[in-house]
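One-letter residues, chain by chain:
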Amino acid sequence: MPVRLIPAVLATQMLSLVARGDGISIYPTTILLDPDHKVGTVTILNRGDSDASYELAGYRWSQSNDEDVLAPDRAFVVTPPVVSLRAGEERLVRVGLLSAPETGGTEQAYRLRISELPNDDGAGGANLNVRLQLLLPVFEARPGMNGQIGFNAHRNTQGNICIEGDNQGDAHVKLVWIADADKPDKKMPVQKYVLAGSRSTLCMDEAFDAARSVTVGVTSARQRDVEPYEMPITAP
């Protein structure tokens, strides 16, 4: 059954080649698969000064009602499922597909979850022991697949700007920044995926009170360039 997962800590930095959390480095931060390369690798480095263990699991990733939905998928394999690292040690993890997915002509999306396991030093007691959790995107696509995104912007009842993306293409797109169209140099970093064939909305806490239109920067895991899209802001 699909489950909606909201991690306690989400420290993935998609614009970087390395995701850095508390005592851990992971690279690359995005894994790309295709029919000729059904297996990818991720390196996990323990930058801390003590031993650490991590549990790894893979999920199929879809979007519904503006939420990311993760569901177990036996065809998406992660090995090893548990990694134990001494201080300064690194380990290679492999992820891949046992068989070609029934894509229906669209890119398939997955997530690799990396969760730090509690240590056994017994020091936690009754205290809350918050552990690190990372979610890395994994995409399987064929050459020539591309996103085809349409946007609209409006203010919600709190006066904040909401950007709604409708992706009618056969591959994902990613929003990486938003700016007042009249102040293009003041870009606010964001991280929002819109998967193939999906709709998703990003609402900003900042109101952009004086903005009459906004510009968003759009890219994907398979392109380096960021394309700007400008749109007017409509009333609630």
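Here the structure is a predicted model, which means the values were calculated and not measured. (Residues numbered from 1 in each chain as written. Predicted model: local features only at pLDDT ≥ 70, side-chain atom pairs only at ≥ 80, totals over all residues. Heavy atoms only, no water.)

## Things to note about the overall build of the protein
A tally of helices and strands in the protein yields 0 helices and 18 strands. In the protein, which comprises 236 residues, the proportion classed as buried is 47%. Entry remark: accessible area of the protein is about 12,800 Å², with carbon and sulfur atoms responsible for 49%. (Helix = DSSP H or I, 4+ residues; strand = E, 2+ residues; numbered from the N terminus. Buried < 20%, exposed > 50% of the residue type's maximum accessible area, 1.4 Å probe, protein only. Areas by Shrake-Rupley, 256 points an atom, 1.4 Å probe, with all protein chains shown as cover.)

## Considerations on the state of the cysteines
Working definition: the covalent bond between the sulfur atoms of two cysteines is a disulfide. By the definition in use, this model includes 1 disulfide. Covalent S-S linkage joins C162 and C203, the inter-sulfur distance amounting to 2.0 Å. Judged by the sign of its S-S torsion, about 105°, the cystine formed by C162 and C203 is right-handed. Of this pair, C162 sits in strand 13 (residues 161–167) while C203 sits in strand 16 (residues 199–203), and the two are 41 residues apart along the sequence. (Disulfide = S-S within 2.5 Å.)

## A short note on the pairing of strand 12 (residues 149–155)
Burial of strand 12 is one-sided: the residues I149, F151, A153 and R155 facing one way are buried, the residues G150, N152 and H154 facing the other way are not. Relative to strand 13, strand 12 runs antiparallel, the two being bridged by 7 bridges. If you follow N152 over to strand 13, its bridge partner there is E164. In sequence, strand 12 turns back onto strand 13 through a hairpin of 5 residues, with G159 there showing a positive phi of about 85°. Across 2 bridges, strand 12 lies against strand 18 (residues 227–234) in parallel orientation. Bridged to H154 within strand 18 is T234. (Pairing = 2+ DSSP bridges.)

## Examining the environment of S99
Here S99 is to be found in the loop between strand 9 (90–97) and strand 10 (108–116). It is 6.4 Å that separates the C-alpha atoms of S99 and A75, two residues lying 24 residues apart in sequence.

## Looking at unusual backbone geometry
With glycine set apart, most residues show a phi of negative sign, and most peptide bonds adopt trans. Put simply, Y27 and P28 share a cis peptide bond, and its omega is -5°. Take P28: it is sitting in the loop between strand 2 (24–27) and strand 3 (31–33). The omega angle of the peptide bond from T79 to P80 is -5°, so this bond is cis rather than trans. Note that P80 resides in the loop between strand 7 (76–79) and strand 8 (82–85). Here N65, not a glycine, exhibits a phi torsion of approximately 50°, which is positive. With respect to the helices, strands and loops of the structure, N65 is situated in the loop between strand 5 (52–64) and strand 6 (67–72). Its identity is not glycine, yet D66 carries a phi of approximately 65°, on the positive side. For D66, the location among the structural elements is in the loop between strand 5 and strand 6. A relative accessible area of 41% places D66 in the partly exposed class.

## Details of the side chain of E164
Here E164 shows up in strand 13. A relative accessible area of 17% means that E164 is categorised as buried. Look past the residues within four positions of E164 in its chain and what remains in contact with it is G150, F151, N152, R199, S200 and T201. (Contact = heavy atoms within 4.5 Å.)

## Section: the pattern of salt bridges
Enumeration over the complete set of coordinates arrives at 8 salt bridges. For R142, the salt bridge goes to E140, with nearest N and O atoms at 3.6 Å. Between D166 and R199 there is a salt bridge; the shortest N-O distance is 3.0 Å. You can see D166 sitting in strand 13 and its partner R199 sitting in strand 16, a full 33 residues away along the chain. By relative accessible area, D166 is classed as partly exposed at 21%. Relative accessible area serves as the criterion here: at 46%, R199 is assigned to the partly exposed category. (Salt bridge = Lys/Arg side-chain N within 4 Å of Asp/Glu carboxyl O.)

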